[in-house]
Amino acid sequence: MCASSKHAVFLGLLMFCVLTICFAQEAKKPKPYAVRGYVKYLPSTSITGPPINEVFTNNLLHNRFNFQYFPHKNWTVTFHARNRLFWGEETKLNPQFAELVDQYDGLVDLSVRWVDRSSVLLHSVVDRAYVEWRHKKWEARLGRQRINWGINTVWNPNDLFNAFNYLDFDYEERPGSDAARLTYYIGPMSNLQIAVVPDTQLNRSVAAAYYGFNRWNYDWQVISGYYRGDATLGLGWAGNLKDAGFKGEVSWFIPTAQSPDSQQTVNASMAVDYLFKGVYLSAATMYNSRGATQPGTAAGGLVGTELSPKNLFPSPWSFIITASGQATPLLSISGAVIYATENHLLIASPSATYSIVTNWDLDLIAQVFFSQNPLTDDFQHQGSGVFLRLKWSY
C-alpha cells in the first residue's frame, strides 16, 4: 500500500473514531457499541553504561482507542488502535528509532508514520481488528487478534502466536496476530481451539491446535502444530501446591524441511505464587536450550534479538522474583529482579503506582541493568531507565 493510500485509510478511521465518540456522548439510550481507551504521557531518562556513561531524555504521548460494535447477539466487531508521539534526545540520536517503533509482524500493514523527522515521530498502528461470531458452544474469530495460550505471567513457551517482552511495561494489551481461530467449548472446563496465522512464506506461518481440560484439580493444556518451519508440541498446567499457586509450560520445536535451521529447541518455564498478609509474591524460572552461554551476550540479546516462543530470554537459565502490595489504599508498590546465571545478567525493576482520582493514575518505574563484562569479568552497570507515567482512562 502506498503512503498516500495508507494516510487516507487512517484519516478515514480517525474521522470514524471521532464521530463515534460524539454520538456516544450525545446518546440518551444504550447503543450497540462501546468506546474505551486512555491517554498517557511518559517522560523518561536513560543512562547508558560504560564507556559512554551519558544521560538522554525522551517523551512519549500515547493514546489508545478501543471500539466494539455489536450488530447482533452472535456478532462482535472489534477495532483497537494505538497512536504514539515520540520526541526528545533518544528519538533524535537513534537513526533506527522509527524502524524499531514501526515493526508489526502482521500479514497486512496497518501502521503509518504521520511525522518522521530526526527528533519527532508520530506513529499509528491498528493492533486489533477482527470479527467474532458466537453460537452455543462455538466461537469463531477472524482478523488481527491476540491468541493467548500462555499461562505464566513472565515467560510463555506455549504462547506460539503472540510472544511478548516482559520489560515492555507500557504495552499492557500485548501484540496481536493476523489470524483465524475456531473454538469449541466441550464442557464448562474444557475446550478445543484451532488457530492459523498465514504468511506469504510457508516457513513464517503458524498453525496449531489446543486442547484444554481439568484433571486432578489442575487446568491442563496440550498443544500441537507448526511454528515457522518447525513441528511443535506443548504442555501447560496451572493449579495449587497447598496454599501456593503452581504453573508451568514447556514447548518442544522440531525442525522440518522448511525450518531455517536444524537445531531442536526446548523452552520450559515454571512459577509459584503466594499471597502473604496482603503481599503478592511470585518466583519463576525458565530454561532455554538456545540461550547464549558467553558472559555479556544476554544484555545485547535483549536489544537485538526478536523474542519468540523459541527464544523468550537469551540465556539457558533465567530466574525472576516479583513482589507487590498496597502501601496505602491509593498507593501500590511492586518490584522485580531477573537473574540469568550463565552470563550473569541482573535486571532490577522497582515501581510505584498512585491513584490520583478516578481514572487518573501516576506511575514511577525504573529498570536497571547489570552484567558481566566479557573482557574484564567485572560485574558492572550496563544501563538504566527511569519513567514517570501519567494515565487518564476513558
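*Asks:* Is there a simple way to explain the overall build of the chain in this structure?
*Replies:* Counting secondary structure elements, the chain contains four helices and 19 strands. The burial tally for the chain puts 40% of its 394 residues in the buried class. For the chain, the accessible surface area stands at approximately 20,600 Å², while carbon and sulfur atoms represent 63% of it.

*Asks:* How should the layout of surface pockets be read in this particular structure?
*Replies:* There is about 810 Å³ of room inside the second largest pocket. Taken together, 32 residues form the lining of the second largest pocket, with Y166, F169, S334, A336 and S351 sitting closest to its centre. Residue classes in the lining of the second largest pocket are distributed as 14 nonpolar, eleven polar and seven charged.

*Asks:* Honestly, the pattern of salt bridges in this entry has me stumped. Any pointers?
*Replies:* Where charged atoms from two side chains of opposite charge come close, those side chains can pair. For the structure shown, the criterion picks out 20 salt bridges. Residue E132 is joined to R141 by a salt bridge in which the shortest nitrogen-to-oxygen separation is 2.4 Å. Summarising the burial analysis for this pair, E132 and R141 share the class buried. Across the salt bridge formed by D199 and R204, the nearest N and O atoms sit 4.0 Å from each other.

*Asks:* Quick question: what am I supposed to make of the side chain of S46 here?
*Replies:* Residue position: S46 is located in strand β1 (residues 33–48). Assessed through its relative accessible area of 15%, S46 is described here as buried. Here E90 takes part through its side chain, which lies 3.0 Å from a polar atom of the side chain of S46. Contacts of S46, omitting those with residues within four sequence positions, involve E54, V55, F56, E90, S384 and G385.

*Asks:* For this particular structure, what's the right way to read the confidence of the model for the chain?
*Replies:* Regions with low pLDDT carry predicted coordinates that are not meant to be interpreted in detail. With 89% of its residues at a pLDDT of 70 or more, the chain has an overall mean of 89. For residues 296–301, every residue scores under 50 in pLDDT, and the model assigns this stretch eleven contacts once sequence neighbours within four places are set aside.

*Asks:* I would appreciate a short explanation of the nonpolar core in the present structure.
*Replies:* With 15 residues, the main nonpolar core has W155, F313, I320, I338 and I347 as its most contacted residues. Listed by contribution, the elements that provide at least two residues to this core are β14 (279–288), β16 (331–340) and β17 (345–357). Ranked by the residues each element gives to this core, the list is headed by β16, at three residues. If we ignore the near neighbours within four places in the chain, the residues touching I320 are V154, W155, Y166, S282, A283, A284, A336, V337 and I338. Listed in part, the 13 residues of the second largest apolar core include A208, Y210, I223 and F253.

*Asks:* Would you take a moment to explain the pairing of strand β19 (residues 379–393) for this structure?
*Replies:* The side chains of a regular strand alternate, first on one face of the sheet and then on the other. Judged from the nine bridges that link them, β1 and β19 form a sheet pairing that is antiparallel. In the strand pairing of β19, V39 is matched with W392.

*Asks:* Looking at this structure, how should I read a nonpolar patch on the surface?
*Replies:* Together, Y41, L61, W87, L330, Y354, I356, V357, W360, L390 and W392 give the surface a local cluster of nonpolar side chains, amounting to about 830 Å² of exposed area. Going through the elements one at a time, β17 and β19 are the ones with two or more residues in the nonpolar patch. Among the elements that line the nonpolar patch, the one with the most residues is β17, at three residues. Tracing the chain through its elements places L390 in strand β19.

*Asks:* Mind showing me how you'd approach empty space enclosed by the protein here?
*Replies:* Unfilled space is identified by rolling a water-sized probe across the atoms. Within this structure, the stated rule accounts for two cavities of 30 Å³ or more. For the largest cavity, the calculated volume is near 70 Å³. Forming the walls of the largest cavity are eleven residues, and the residues nearest its centre are W155, N165, Y166, L312 and F313. Taken together, the residues of the lining of the largest cavity break down into ten nonpolar, one polar and no charged. Roughly 40 Å³ of volume is contained in the second largest cavity. Together, N152, T153, K247, A271, D273, Y280 and S282 line the second largest cavity. Taken together, the elements giving at least two residues each to the lining of the second largest cavity come down to β13 (265–276) and β14. Each residue belonging to the lining of the second largest cavity can be placed in one class, and the counts come to two nonpolar, three polar and two charged.

*Asks:* Just to check I follow, could you spell out the packing of aromatic side chains for this structure?
*Replies:* Pairs of aromatic rings are described using the distance from one ring centre to the other and the angle between the two planes. For the coordinates displayed, the defined rule picks out 19 aromatic pairs. Ring geometry for Y33 against F67: centres 6.2 Å apart, planes inclined by 35°, an arrangement best described as tilted. In this pair, Y33 is assigned in strand β1 and F67 in strand β2 (residues 55–72), connecting sequence segments 34 residues apart. Taking the centre distance of 5.8 Å and the plane angle of 55° together, the rings of W237 and F246 count as tilted. Note on accessibility: W237 and F246 belong to one class, buried. Put simply, the rings of W216, Y218, W220, W237 and F246 pair up and form one aromatic cluster. When the ring centre of F164 is taken as origin, the NZ or CZ atom of R174, which lies over that ring, is 3.7 Å away. Over the aromatic face of Y38 sits the side chain of K391, whose NZ or CZ is 4.6 Å from the ring centroid.

Criteria and thresholds
- Residues numbered from 1 in each chain as written.
- Predicted model: local features only at pLDDT ≥ 70, side-chain atom pairs only at ≥ 80, totals over all residues.
- Heavy atoms only, no water.
- Helix = DSSP H or I, 4+ residues; strand = E, 2+ residues; numbered from the N terminus.
- Buried < 20%, exposed > 50% of the residue type's maximum accessible area, 1.4 Å probe, protein only.
- Areas by Shrake-Rupley, 256 points an atom, 1.4 Å probe, with all protein chains shown as cover.
- 1 Å grid on protein atoms, 1.4 Å probe; cavity = no way out; pocket = protein on both sides within 12 Å on 5 of 7 lines; lining within 4 Å.
- Points joined across faces, edges and corners; volume = space filled by probe spheres on them.
- Nonpolar A, V, L, I, M, F, W, Y, C, P; charged D, E, K, R; others polar.
- Salt bridge = Lys/Arg side-chain N within 4 Å of Asp/Glu carboxyl O.
- Polar contact = N/O pair within 3.5 Å; in protein donor to acceptor, adjacent residues only side chain to side chain.
- Contact = heavy atoms within 4.5 Å.
- pLDDT = per-residue confidence, 0-100.
- Core = buried A, V, L, I, M, F, W, Y, C linked by side-chain atoms within 4.5 Å.
- Pairing = 2+ DSSP bridges.
- Patch = residues over 30% accessible without salt bridge, like charges linked within 9 Å, V, L, I, M, F, W, Y side chains within 5 Å.
- Phe/Tyr/Trp six-rings, centres within 6.5 Å; stacked < 30°, edge-to-face > 60°.
- Lys NZ or Arg CZ within 6 Å of the ring centre and 35° of its normal.

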